[in-house]
Amino acid sequence: MIQIHELGAKDSIFNQFMAELRDAVIQQDRMRFRRNLERIGEIMAYEISKALEYETEEVNTPLGIKEVAVLKEQPVIATILRSGVPFHNGMLNMFDHADGAFIAAYRKYDKNEDFEVRVEYYSSPEIENRVLILCDPLLATGESMVKTLNGLLNEMNPKQIHIASVVASTEGLDYVKRKMSRKPVTIWVGSIDEELTAKAYIVPGIGDVGDLAYGEKRELN
């Protein structure tokens, strides 16, 4: 069963950061772009935290003892390189003792500008019976998200699965729902954009998040 939460559907300061992230002029300030990705990651982590398990802990204050509900366990935050790093850092600012998993997934284009999604690298801690948060700023076709998640689930079975994206296309969300229908997955997204171009770019979208955060890339043979 797939549940979808669109954070930008309700008015909050979250939408201010989303607006700045999309703005082509503000995007020219690379440091501000990365910081806005972090801020969005922080807010999204806070929202995800409401769906996690808690336990009561006694805290000694200077004047007494107070019972407080604290996280029962820290999640594993999995991130698709390289665009997901600032987003990951924002989540880590909230889940500051979380474990991290990193995945290299990318589009490989041919001479006709057709592409296939390749996943070539996984570095992951144990996720068996743990909370897994898979974050990637853009969920365009949904193929890289599904391939990445299936790779993580090949040998390990988390007890909760959360997908976090800043912007998703309706087509990409539909693809994830079809392919992951047998798994209980919760999707958290900042905004759902309707259009996906023939080359699988989200419109209006954000642009190439990796390039905006770290500079334009070139393919090496």
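One can find the structure itself at the top, above this paragraph.
Here the structure is a predicted model, which means the values were calculated and not measured.

Cut-off values and rules
- Residues numbered from 1 in each chain as written.
- Predicted model: local features only at pLDDT ≥ 70, side-chain atom pairs only at ≥ 80, totals over all residues.
- Heavy atoms only, no water.
- 1 Å grid on protein atoms, 1.4 Å probe; cavity = no way out; pocket = protein on both sides within 12 Å on 5 of 7 lines; lining within 4 Å.
- Points joined across faces, edges and corners; volume = space filled by probe spheres on them.
- Helix = DSSP H or I, 4+ residues; strand = E, 2+ residues; numbered from the N terminus.
- Nonpolar A, V, L, I, M, F, W, Y, C, P; charged D, E, K, R; others polar.
- Buried < 20%, exposed > 50% of the residue type's maximum accessible area, 1.4 Å probe, protein only.
- Arc of directions from axis to C-beta.
- Contact = heavy atoms within 4.5 Å.
- Axes fitted to C-alpha atoms, helices over the stretch in contact; angles between N-to-C directions.
- Parallel < 35°, antiparallel > 145°, perpendicular 65-115°, else oblique.
- Left-handed = near helix turned anticlockwise from the far one by under 90°.

*Asks:* Got a minute to help me understand the layout of surface pockets in this structure?
*Replies:* Each pocket or cavity is described by its volume, and for the second largest pocket that value is around 190 Å³. Lining the second largest pocket are His5, Glu6, Leu7, Lys10, Ser12, Phe14, Ile43, Glu47 and Trp188. Among the secondary structure elements, those contributing two or more residues to the lining of the second largest pocket are β1 (2–6) and α2 (30–49). Classifying every residue of the lining of the second largest pocket gives four nonpolar, two polar and three charged.

*Asks:* Any chance you could explain helix α1 (residues 14–22) here in plain terms?
*Replies:* Note that an α-helix has 3.6 residues per turn; residues three or four places apart therefore point the same way. All of the buried residues along α1 are Phe14, Phe17, Met18, Glu20 and Leu21. In a view along the axis of α1, the buried residues occupy a sector of 165 degrees, so they form one face of it. Of the surrounding elements, those touching the buried residues of α1 are α2, β9 (160–169) and β10 (185–193).

*Asks:* Can you help me understand empty space enclosed by the protein in this one?
*Replies:* Where empty space is left becomes clear once a probe the size of a water molecule has been rolled over the atoms. In the structure shown here, the tally under the stated rule is one cavity of 30 Å³ or more. In terms of lining, the largest cavity is formed by Leu52, Glu53, Glu73, Val131, Lys159 and Gln160.

*Asks:* Help me understand the environment of Lys72, please; the structure alone is not making it clear to me.
*Replies:* Along the polypeptide, Lys72 turns up in the loop between β3 (64–71) and β4 (76–81). As a C-alpha pair, Lys72 and Tyr175 span 103 residues in sequence and 32 Å in three-dimensional space. Sequence-distant contacts of Lys72, defined by excluding residues within four places in its chain, comprise Glu53, Tyr54 and Glu55.

*Asks:* When you look at the packing of α1 against α2 in this model, what are you seeing that I'm missing?
*Replies:* Packed helices, taken two at a time, are described by the angle their axes make and the gap between the axes. In contact at an axis separation of 9 Å, α1 and α2 are set at 150 degrees when each is read in the N-to-C sense. Classified by the angle their axes make, α1 and α2 are roughly antiparallel. Considering the relative orientation of α1 and α2, their crossing is left-handed. In contact with Phe14, Phe17, Met18, Glu20 and Leu21 of α1, α2 contributes Arg32, Phe33, Asn36, Leu37, Arg39, Ile40, Ile43 and Met44. For the contact of α1 with α2, a count of residues per class yields nine nonpolar, one polar and three charged.

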